[in-house]
Amino acid sequence: MLNLKACVRLLAILLELRGLRAQTTVVGASSSSKVIEDPASLVLPFIGTTNGGHVFPGATLPHGMIKVGMDTDSPENHGGYDADPRFKAIGFSQLHDSGTGGSIPLSNFKIFGHKDTDCSSFEKCPTSLFTRATGRRILPDGTPDDFASPGYFSTNLSNDIRVELTATRRAALHRYTFPSSVASPHMVVDITNDGQRSSRDAEMSLDPKTARVQGGATFSASFGPGSYQAFTCVDFRGEGFDLGTPVQLGVWLYDTTTTGATDLKQVHAGSGDEAGAIFGFRKAPSGPTSILARVGVSLISSQQACSNAEEEIPDFDFDRVHRDNRAEWNELLGRVQVDTTGVSEDIVKLFYSSLYRSHISPADYSGENPKWNSTEPYYDSYYCNWDTYRTLYSLLALHDPVNYARIVRAMVDIQKHEGWLPECRGATAQQWIQGGSNADPILGEFWVKFHERATALNVSGDDLYNALLADAENEPPNWNLQGRQANAWKTFNYIPHDFYDSGGDKQVSRTLEYAFGDFAISQVAKLRGNPEDAAKYVQRAGNYFNVWNPNITVPGTPSVRGMMQPRTSNGTFDYTDPRHCSIHDPEGSTCFLGGNLGGFYEGSPIIYSQYVPHDTARLLDLQGGTQSFVDRLDFIFEQKYFEPTDEPSQQMPFMYHYANRPGLSTQRSRQVIAQHFDTTVRGLPGNDDSGAMGSYAAFYLAGLYPLPATRQFLLSSPYFPSISFFNPVFNSTTTIKAIGFEGNPEDGTGGKVFVKAVSVNRKPYKSNCYLDWDVFISGSTVELTLTDDIGVTCGNGRDALPPSLSTGGYD
Ligand SMILES: *[C@@H]1O[C@H](CO)[C@@H](O)[C@H](O)[C@H]1NC(C)=O
Ligand SMILES: *[C@@H]1O[C@H](CO)[C@@H](O)[C@H](O)[C@H]1NC(C)=O
Ligand SMILES: *[C@@H]1O[C@H](CO)[C@@H](O)[C@H](O)[C@H]1NC(C)=O
Ligand SMILES: *[C@@H]1O[C@H](CO)[C@@H](O)[C@H](O)[C@H]1NC(C)=O
Ligand SMILES: *[C@@H]1O[C@H](CO)[C@@H](O)[C@H](O)[C@H]1NC(C)=O
Ligand SMILES: *[C@@H]1O[C@H](CO)[C@@H](O)[C@H](O)[C@H]1NC(C)=O
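Residues numbered from 1 in each chain as written. Chains lettered and ligands numbered in written order. Predicted model: local features only at pLDDT ≥ 70, side-chain atom pairs only at ≥ 80, totals over all residues. Heavy atoms only, no water.

*Asks:* Give me the lowdown on the overall build of the protein, citing residues and values where you can.
*Replies:* Within the protein, the secondary structure is distributed over 19 helices and 28 strands. Relative to the globule expectation of 28 Å for 811 residues, the C-alpha radius of gyration of the protein, 27 Å, shows essentially globular dimensions. The dimensions of the protein, computed from C-alpha atoms along their principal axes, are 80 × 70 × 50 Å. Sorting the 811 residues of the protein into buried and exposed places 66% on the buried side. (Helix = DSSP H or I, 4+ residues; strand = E, 2+ residues; numbered from the N terminus. Rg over C-alpha atoms; globule rule 2.2 N^0.38 Å. Buried < 20%, exposed > 50% of the residue type's maximum accessible area, 1.4 Å probe, protein only.)

Have a look at this one:
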């Protein structure tokens, strides 16, 4: 691992040198850029924790398996928490996803504290979910008394119990502090509730001397037909005093405790029942009583849950675990440094919080895969690649290639054992796909960016390529769970609208995504020296054209002509109203999973008609040329067809680049941030989708937008006088400086934010509209000259426009 102090010192020296140089040459440039040593202090984990964001704000390591947090009785408690103070706490559970939909995922093994006065008798303690529900203390401003920062969560409950949480990779440490008035603190362990009441085959036993609880059950997946097993091992300690043996103990079922029972079998719990263990302990000899609960989790066995906890938290030292956790976050987040001069605190916090949320999922479950033994890493909680492939992995490529490589290895290992790459996997279960097999562009992105370092990163090019070919060529038994509808794709070169061979739908959006997947494969084939395959998959990457109907117009707006449309197996087009699934859909349909017969997923035909990231130049031609393309983009934004909550729209603000109008992209992307993202608990449009929205916002704020499986990033201006990315694999730092930076317009409109000229290492660059990956490999200083003229262009040279397949790009 990287030495944090050395890295920070090095950055400090570099930034200081650059600052001095800038001072002598550029009027008004900042000379005060300081290294941000504690970026964790700039992270607001509560962003998007109410109003449908479903963000998890509890304690986790970067990509940690344990995500320990508060569970509330909110119906929107997909991430456990809800910032709305009306909702009560019902426990503090150990796993979780962040920003997902489906049924509540992974709220397993809730711990809860009681005072003896909360119980009429030990046998009648409020142990069930709804009787134990306890309000949070409400602060004078009406918000709950909760706090969260990377690796730490705390709350004060209305019954005066304070709860604090921190985490290692496979174990959580909780601290429950009871008021001095408590006579006997009680601790409750819930074995069965997972957020869904789906438990079956639950087992649990407790040790009456040590109060160790071991147990587990089988639970239902969140977004698919499968299930998973999870196990726990809970130990208690007094902080600063000897907890001794419990004074009371028992097994509870709903709201009745069988005192003295030590095994769940003694209370006859069945499927879905609420059950667990309860203890009464001695209080501390003086002052408030703090009880530590160390909770190991495993997907293999409760014995392994115990050894995970013993190995990772042998000392029950809450402050040490918290400190180590935060240091890991600071090392990771600190690889991206921004100069905050003239930038509002909100923007700085929005940036680091977005970066932070890009490192919650997928999660490192290495050693916890019950399905096969392997020495490869095991990551899970992809939920879904369809959401994250567009932006999350390209952000990792810039500053966290080692985690990226481990995730790629895990995906390839899954393909080796199951036949296909994971798509929407959660807790070892295959879940419903949303579109194509979107691990393809994730692997493609990795190979394009890191093929020269693959050996050092332990990624096998042969295995990676074979995994891609399996996805592209072999039809799985159920392509609704992983892989593609490969036979139809190969036969028709689009997915026919009359084909439902697994009861599936979304044929048009899948056609577009398969085409992009095949583009990614073609890039890998080319780099592997396989021109035949490269040509074959480039050809297939052009299949998007097969669902383009040039004669369809938006009702009432004949100038917007030509749409992606469903097509039947005999080659004739079906008709789906271009407004279908948009806010202007006369039928008010939605395009979520299931029963969505128009052919599109989470986006209207209007939106999908802009989705050919690898060949936007041809799309521009199909749409009638430059002016008509710009007019169509304006129409999409002005008429509110742009859909900030769903990923297929993410690239849209940047598409003006391809019409040589990058100023319009800069303004649109900044308006999107101003209108849809902020630092409040409601600060996200829709679900965060496992970091899809976090990584997207981070890119917009950095003034970049990625094109996965290519060597290009589209370029705009950052929200900072400078931003730098340290890449540990290349041991290089690239700094993008906005020369003439005067701040960011509040509403995203106008301002001195448009890029007039670009230089790299003081030499004029070939384009004002994109940066090649080489700039980031070698570590460069990129200087952007800003203007307030929105009419800027990409430049005049041959390579000024970003590449597209049909204009000979990517060669
Ligand atoms: C809870 O109460 C403690 C003092 O009892 C205080 O230090 C802390 O800031 C409060 N809030 C949270 C969220 O922990
Ligand atoms: C993995 O190896 C262990 C130890 O040899 C064995 O007990 C276990 O059954 C194996 N698991 C699988 C899924 O093959
Ligand atoms: C690659 O594998 C070697 C040998 O197992 C190991 O020492 C090294 O840390 C690994 N590197 C990465 C980046 O995983
Ligand atoms: C579009 O209209 C033209 C002119 O009427 C016609 O030749 C062409 O076949 C139509 N294309 C489709 C896909 O309907
Ligand atoms: C093509 O298939 C569609 C849907 O099955 C049908 O309505 C149409 O008549 C067919 N057209 C031709 C030319 O066979
Ligand atoms: C990384 O780069 C720095 C300075 O650029 C150098 O001092 C250091 O030795 C390099 N580290 C490695 C592992 O090459």
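*Asks:* Just give me the short version of the nonpolar core, but keep the residues and values in it.
*Replies:* Counting 218 residues, the largest nonpolar core has F236 and F351 as the members making the most contacts within it. Residue contributions to this core peak at 10 residues, all from helix α12 (residues 507-527). Those residues in contact with F236 that sit more than four places away from it in its chain are M187, V189, A211, L243, F279, F281, I291, L292, A293 and F316. Of all hydrophobic cores here, the second largest spans nine residues; its members include Y152, L292, A309 and F316. (Core = buried A, V, L, I, M, F, W, Y, C linked by side-chain atoms within 4.5 Å. Contact = heavy atoms within 4.5 Å.)

*Asks:* So what's going on with the packing of aromatic side chains? Residues and values would help.
*Replies:* The geometry of an aromatic ring pair comes down to the distance between the two centres and the angle between the two planes. Per the stated rule, a full pass over the model turns up 45 aromatic pairs. Judged by centre distance (6.2 Å) and plane angle (75 degrees), the rings of F46 and F153 are edge-to-face. Here F46, found in the loop between α1 (4-25) and β1 (69-72), pairs with F153, found in strand β5 (residues 152-156); they are 107 residues apart in sequence, far enough to count as distant. The pair formed by F46 and F153 is uniform in burial state, with each residue classed as buried. Pairing F109 with F219 gives two aromatic rings, centres 6.1 Å apart and planes at 75 degrees, and the pair type is edge-to-face. Here F109, found in the loop between β2 (89-93) and β3 (111-115), pairs with F219, found in strand β10 (residues 213-220); they are 110 residues apart in sequence, far enough to count as distant. Relative accessible area serves as the criterion here: at 1%, F109 is assigned to the buried category. Within the aromatic cluster, the residues linked to one another by ring pairs are Y393, Y404, F446, F450, F699, F713, F725, F730, W773 and F776. We note R237 situated over the ring of F316; from NZ or CZ to the ring centre the distance is 4.2 Å. (Phe/Tyr/Trp six-rings, centres within 6.5 Å; stacked < 30°, edge-to-face > 60°. Lys NZ or Arg CZ within 6 Å of the ring centre and 35° of its normal.)

*Asks:* Describe the side chain of T666, with residues and values.
*Replies:* By the element assignment, T666 lies in helix α17 (residues 662-676). Taking relative accessible area as the criterion, T666 reaches 2% and is therefore assigned buried. If sequence neighbours within four positions are ignored, T666 has contacts with S716, S717, V753 and F754.

*Asks:* Give me the pattern of salt bridges: which residues, what numbers.
*Replies:* If charged atoms from side chains of opposite charge come close, those side chains can pair. If you walk through the whole model with that rule in mind, you get 45 salt bridges. Salt-bridge contacts for R170 lead to E312; the nearest nitrogen and oxygen are separated by 3.6 Å. Residue R170 is located in the loop between β6 (162-167) and β7 (171-178), and its partner E312 is located in helix α3 (residues 302-312); the two are separated by 142 residues in the primary sequence. Looking at E312, the relative accessible area reads 16%, which means it is buried. The partner of D380 in a salt bridge is R425, and the shortest N-O contact between them spans 3.6 Å. Residue D380 is found in strand β18 (residues 379-380), and its partner R425 is found in the loop between α8 (401-418) and α9 (439-450); the two are separated by 45 residues along the sequence. R425 matches D380 in its accessibility class, with the two residues each being buried. Within this structure, D440, E473, R484, K490, D518, K536 and R540 form a network of salt bridges that share partners. (Salt bridge = Lys/Arg side-chain N within 4 Å of Asp/Glu carboxyl O.)

*Asks:* Explain the sheet that holds strand β26 (residues 763-764) residue by residue, including any values.
*Replies:* The strand order across the open sheet formed by six strands is β16-β23-β24-β28-β25-β26, and the pairing between neighbours is mixed. The strands lining the two open edges of the sheet, one partner per strand, are β16 (336-338) and β26. Helix α5 (residues 345-357) contacts β16 and β23 (722-727) of the sheet and is inclined by roughly 175 degrees relative to β16. Against the sheet, helix α7 (residues 392-399) touches β16 and β23, its axis set at about 80 degrees to β23. (Pairing = 2+ DSSP bridges. Axes fitted to C-alpha atoms, helices over the stretch in contact; angles between N-to-C directions.)

*Asks:* Which residues make up α9, and what are the values?
*Replies:* An ideal rise of 1.5 Å per residue puts 16 Å on 12 residues; α9 measures up with 16 Å between its terminal C-alpha atoms. α9 sits mainly inside the fold: 12 of its 12 residues count as buried. For α9, the full list of buried residues reads A439, D440, P441, I442, L443, G444, E445, F446, W447, V448, K449 and F450. (Expected span 1.5 Å × (residues − 1).)

*Asks:* Before we move on, could you go through the site of ligand 4 and cite the residues and values that matter?
*Replies:* Near ligand 4, the surroundings consist of N549, N551 and F573. Interatomic distance of 2.2 Å between a side-chain N/O atom of N551 and an oxygen atom of ligand 4. Taken by itself ligand 4 offers 360 Å² of open surface, and the protein chains cover 30% of this. (Near = heavy atom within 4 Å. Polar contact = N/O pair within 3.5 Å; in protein donor to acceptor, adjacent residues only side chain to side chain. Areas by Shrake-Rupley, 256 points an atom, 1.4 Å probe, with all protein chains shown as cover.)

*Asks:* Please set out the state of the cysteines residue by residue, giving values where relevant.
*Replies:* Inspection of every chain in the model, using the stated rule, returns five disulfides. Here C581 engages in a disulfide with C591; their sulfurs sit 1.7 Å apart. Its S-S torsion of approximately 65 degrees makes the covalent link between C581 and C591 right-handed. With a gap of 10 residues between them, C581 in the loop between β20 (557-564) and α14 (605-608) and C591 in the loop between β20 and α14 connect regions that are remote in the sequence. Pair check on accessibility: C581 and C591 agree, each one buried. Disulfide pairing is shown between C769 and C794; the S-S distance is 1.9 Å. Given an S-S torsion of about -80 degrees, the disulfide between C769 and C794 has left-handed geometry. (Disulfide = S-S within 2.5 Å.)

*Asks:* Please give an account of the UniProt feature "domain: Glycosyl hydrolase family 92 N-terminal" (unreviewed entry) in the protein that cites residues and values.
*Replies:* Taken from the UniProt record, the annotation "domain: Glycosyl hydrolase family 92 N-terminal" (unreviewed entry) applies to residues 43-298. Secondary structure content for residues 43-298 is 2% helix and 38% strand, and the end C-alpha separation is 29 Å. (UniProt positions renumbered as here; feature names shortened; annotations may be inferred.)

*Asks:* I'd love a proper account of the packing of α7 against α9, names of residues and values included.
*Replies:* For the pair α7 and α9, interaxial distance at closest approach is 10 Å and the crossing angle is 25 degrees. The orientation of α7 with respect to α9, classified from their angle, is roughly parallel. Taken as a pair, α7 and α9 cross one another with a handedness that is right-handed. For the pair α7 and α9, contact is made by Y393, S394 and A397 and by I442, E445, K449 and F450, respectively. (Parallel < 35°, antiparallel > 145°, perpendicular 65-115°, else oblique. Left-handed = near helix turned anticlockwise from the far one by under 90°.)

*Asks:* How would you sum up the pairing of β20? Please name residues and give values.
*Replies:* Relative to β20, strand β19 (residues 548-554) runs antiparallel, the two being bridged by four bridges. Pairing of V554 across the sheet is with T557, part of β20. Adjacent in sequence and paired antiparallel, β19 and β20 are bridged by two residues, among which G556 carries a positive phi angle near 90 degrees.

*Asks:* Let's hear about a negative patch on the surface: which residues, and what values?
*Replies:* On the surface, a cluster of negative charge is contributed by D346, D678, E746 and D747. Within the element layout of this structure, D678 appears in the loop between α17 and α18 (692-702). (Patch = residues over 30% accessible without salt bridge, like charges linked within 9 Å, V, L, I, M, F, W, Y side chains within 5 Å. Lys, Arg positive; Asp, Glu negative; His and termini not counted. Charge placed at Lys NZ, Arg CZ, Asp CG, Glu CD.)

*Asks:* Break down the sheet that holds strand β22 (residues 712-715) for me, with residues and values.
*Replies:* Strand order in the open sheet made by the three strands is β21-β22-β27, with antiparallel pairing throughout. In this open sheet, the two edge strands, each paired with only one partner strand, are β21 (704-706) and β27 (770-772). When strand polarity is set aside, the average angle formed by the axes of neighbouring strands in this sheet is 30 degrees. Alignment of β21 against β22, held across three bridges, turns out to be antiparallel. Counted as the bridge partner of Y705 is L714 from β22.

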